[in-house]
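Here's the letter readout for the chains.
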Amino acid sequence: MDILLKMLPLLIPILLMDITLAAAAVVHIIHHPHYRFGNKALWLVIAVILLLFGPIIYFVFGKEQEG
């Protein structure tokens, strides 16, 4: 428990960035109908369940290139 309290100042900004990135991914998934792979439901599950890496995976592999 003591080590968690020592790491808390580092963990809070990382957690806030992760939540912001996940929210941006969910908004993007909801508003865009086309994806390179999969469908809307699949990407929503990936972005929400894999909170730490899901949004990054979506923006790298799932987001269709803007024309």
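Residues numbered from 1 in each chain as written. Predicted model: local features only at pLDDT ≥ 70, side-chain atom pairs only at ≥ 80, totals over all residues. Heavy atoms only, no water.

### Side note on a nonpolar patch on the surface
Using the following cut-off: Patch criteria: residues need more than 30% relative accessible area and no salt bridge. Like-charged residues are merged within 9 Å; nonpolar side chains of Val, Leu, Ile, Met, Phe, Trp and Tyr are merged within 5 Å. All accessibility values rest on the Shrake-Rupley procedure with a 1.4 Å probe; residue burial counts only the protein chains present in the view. The term salt bridge refers to a side-chain nitrogen of Lys or Arg lying within 4 Å of a carboxyl oxygen of Asp or Glu. Here a helix means four or more residues in a row that DSSP labels H or I, a strand means two or more in a row labelled E, and each is numbered from the N terminus.
A cluster of nonpolar side chains, namely Met 1, Ile 3, Leu 4, Leu 5, Met 7, Leu 8, Leu 10, Leu 11, Ile 12, Ile 14, Leu 16 and Met 17, defines an oily patch on the protein surface of about 1200 Å² accessible area. Tracing the backbone shows Ile 14 in helix H1 (residues 2-31).

### Quick notes on H1
Definition in use: Given a helix with a known number of residues, its expected span is that number minus one, times 1.5 Å. One fitted axis covers the seven residues ending at a residue, a second covers the seven starting there, and the bend at that residue is the angle between these axes. When a residue's accessible area, from a 1.4 Å probe over protein chains only, is under 20% of the maximum for its type it is buried; when over 50% it is exposed; and in between it is partly exposed. Note on definitions: a residue-residue contact is assigned when non-hydrogen atoms from the two residues lie within 4.5 Å.
The first and last C-alpha atoms of H1 sit 43 Å apart over 30 residues, in line with the 44 Å expected at 1.5 Å per residue. At Leu 8, H1 is bent by approximately 55 degrees, the largest bend along its length, and proline Pro 9 sits one to four residues beyond. Within H1, burial applies to Asp 18, Ala 22, Ala 25, His 28 and Ile 29. On the buried face of H1, the contacting elements are helix H2 (40-49) and helix H3 (54-62).

### Some points on the nonpolar core
In plain terms, the rule: In these notes, a set of buried Ala, Val, Leu, Ile, Met, Phe, Trp, Tyr and Cys residues joined through side-chain atoms within 4.5 Å is what counts as a nonpolar core.
Ranked by size, the top nonpolar core spans seven residues in total: Ala 25, Ile 29, Tyr 35, Trp 43, Ile 46, Ala 47 and Tyr 58. If you list the elements that add at least two residues to this core, you get H1 and H2. Sorting elements by how many residues they give to this core places H2 first, with three residues. Here Trp 43 is in contact with Ile 29, Tyr 35, Phe 37, Gly 38, Ile 57, Tyr 58, Phe 61 and Gly 62, once residues within four sequence places are set aside.

### Section: H2
Stated precisely, the cut-off is as follows: Relevant arc is that of directions from the helix axis to the C-beta atoms, nothing else.
Within H2, the full set of buried residues consists of Trp 43, Ile 46 and Ala 47. Looking straight down H2, one finds that the buried residues subtend no more than 95 degrees of arc, so they occupy a single side. Away from its buried face by more than 90 degrees, H2 exposes Val 48 and Ile 49. Among the structural elements, H1 and H3 are those in contact with the buried residues of H2.

### Some words on the pattern of salt bridges
Across all of its chains, the model carries one salt bridge by this definition. Between Lys 6 and Asp 2 there is a salt bridge, with its nearest N and O atoms 3.8 Å apart. You can see Lys 6 and its partner Asp 2 sitting in helix H1, four residues apart, about one turn around the helix. Each of the two residues, Lys 6 as well as Asp 2, counts as exposed.

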